[in-house]
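Summary of structural features
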Amino acid sequence: MKFSIIVPTLNNLDYLKILISSIEKNSTFDHEIIIHVNENLDNTIEFLKQKKIKYTYSETNIGLCSAVNKAAKLATTQYILYTHDDMYFLPSWDSILKKEIELLDTKFFYLSGTMIQRKGADLTLDAGNDHKDFNEQYLLDNYQKINITDHQGSHWAPHLINKDVWNLVKGFSVEFDPGDGSDSDLNMKLWNCGVRIFKGLNDFKVYHFGSISMRKKKNIIKNNGTKTFLKKWGITPKFFFKYYLKTGCKYDGPLKNPKKPLSYFIGLMICKIKKGFSY
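The structure reproduced in this document is the subject of the present report. (Residues numbered from 1 in each chain as written. Predicted model: local features only at pLDDT ≥ 70, side-chain atom pairs only at ≥ 80, totals over all residues. Heavy atoms only, no water.)

Here we come to the layout of surface pockets. If you add up the space inside the second largest pocket, you get close to 270 Å³. Lining the second largest pocket are 13 residues; nearest its centre among them are Met-115, Asp-122, His-151, Ser-154 and Trp-156. If you list the elements that add at least two residues to the lining of the second largest pocket, you get strand 6 (109–117) and strand 8 (151–152). In terms of residue count, the dominant contributor to the lining of the second largest pocket is strand 6 (three residues). When grouped by side-chain class, the residues that make up the lining of the second largest pocket number four nonpolar, eight polar and one charged. (1 Å grid on protein atoms, 1.4 Å probe; cavity = no way out; pocket = protein on both sides within 12 Å on 5 of 7 lines; lining within 4 Å. Points joined across faces, edges and corners; volume = space filled by probe spheres on them. Helix = DSSP H or I, 4+ residues; strand = E, 2+ residues; numbered from the N terminus. Nonpolar A, V, L, I, M, F, W, Y, C, P; charged D, E, K, R; others polar.)

Another point: the packing of aromatic side chains. Tallied over the entire structure, the rule returns 23 aromatic pairs. Centroid distance Phe-89 to Trp-93: 4.9 Å. Interplanar angle 80°. Geometry classified as edge-to-face. Judged on exposure class, the residue Phe-89 and its partner Trp-93 are both buried. On the numbers, 5.7 Å between centres and 90° between planes, the contact of Trp-166 with Phe-172 is edge-to-face. Feature note: the residues Tyr-110, Trp-191, Phe-198, Phe-229, Phe-239, Phe-240, Phe-241, Tyr-243, Tyr-244, Tyr-264 and Phe-265 constitute an aromatic cluster, connected by ring pairs. Positioned over the ring face of Trp-191 is Arg-196, at 3.6 Å from the centre of the ring. (Phe/Tyr/Trp six-rings, centres within 6.5 Å; stacked < 30°, edge-to-face > 60°. Buried < 20%, exposed > 50% of the residue type's maximum accessible area, 1.4 Å probe, protein only. Lys NZ or Arg CZ within 6 Å of the ring centre and 35° of its normal.)

Moving on to the pattern of salt bridges. For the structure on display, the rule yields ten salt bridges. Measuring nitrogen to oxygen at the nearest pair gives 2.8 Å for the salt bridge that ties Glu-175 to Lys-232. Of this pair, Glu-175 sits in the loop between helix 6 (163–168) and helix 7 (182–192) while Lys-232 sits in helix 8 (residues 225–233); the two residues are 57 residues apart in sequence, bridging distant segments of the chain. Residue Glu-175 is classed as partly exposed on the basis of its relative accessible area of 41%. Among the ionic pairs, Asp-185 bridges to Lys-232, the shortest N-O distance being 3.0 Å. Here Lys-232 lies in helix 8 and Asp-185 lies in helix 7, a separation of 47 residues in the sequence. Look at Asp-185 and you get buried, because its relative accessible area is 0%. Lys-232 gets classed as partly exposed once you look at its relative accessible area, which sits at 33%. Via salt bridges that share partners, Glu-100, Asp-150 and Lys-199 belong to a single interconnected network. (Salt bridge = Lys/Arg side-chain N within 4 Å of Asp/Glu carboxyl O.)

Further remarks concern unusual backbone geometry. Omega for the peptide link from Ala-157 to Pro-158 comes to 0°, which places this bond in the cis form. Secondary-structure assignment places Pro-158 in the loop between strand 8 and strand 9 (159–162). In this structure, the amide linkage connecting Asp-177 to the following residue, Pro-178, adopts the cis form with an omega of 5°. When you line up the elements, Pro-178 lands in the loop between helix 6 and helix 7. Phi at Asn-43 is positive, roughly 65°, even though this residue is not glycine. In this fold, Asn-43 is placed in the loop between strand 2 (32–38) and helix 2 (44–51). In this structure, Lys-246 takes a positive phi of about 55° despite not being glycine. Within the fold, Lys-246 resides in the loop between helix 9 (237–245) and helix 10 (262–276).

What follows concerns the pairing of strand 3 (residues 54–58). One ladder, built from five bridges, connects strand 2 with strand 3; its direction is parallel. Paired with Ile-34 across the bridge in strand 3 is Lys-54. Handedness of the crossover is the feature at issue here: the chain leaves strand 2, passes through helix 2, returns alongside strand 3, and the resulting connection is right-handed. (Pairing = 2+ DSSP bridges. Right-handed = clockwise from strand over helix to strand, strands pointing away.)

Functional significance is not addressed by these values, which are geometric in nature.
As structure tokens, this is what we get:
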């Protein structure tokens, strides 16, 4: 089973090399890697040409959403897997996804991985703060010792979507460029088209270097993703995660339409008030 691995990057070649190396080393299958290169001030394109890896290119930073959408148009497999360029994929990640897909009787799903970080993640392990002090062997020796349960409502990269569903929702929404809030919006679009399987997989692990990705760099003006989401959908991402995706809860099967206790309506009223003040 092959996936189209879509990666937006912005002058981040040292980390991109680690990502690509991990995919080459730790995959069971031979996947299609497609990079969108913003700016190319660090000779990323020259590296990709040497590796014979597909890419799209823009002279300026067009933002995460536009970059992913552009690269995804080159995908030739049935599955779109989006990841940041500052991640390391751990062994058998694709076999784990293949097994999960084969258990499903629908293409309407959203499967995501579990991030390991030095701090600020569900799983913590110090295998290095950056590409210079990355301790790959220490990570490989210890990542299986830390675990959480499979969980509901995960919306973080890396994530896998059937290409038919990706095309149905038209990928990421470009009004969220350079990227903040884009994952939440994608999940809402998936929910509205009938996806109820939002599953974060413990065994699908990646090491994350702590948001070195293109939307987190210091010279990029961030968008207000929460405000954009609120104006578009009438609720906050936090409300959506709590009542619809049940983010963080143990996975117990496909999600259902939310129950609506009094707290739901109070929260919904607060969202409406916030939306009124957002203009």
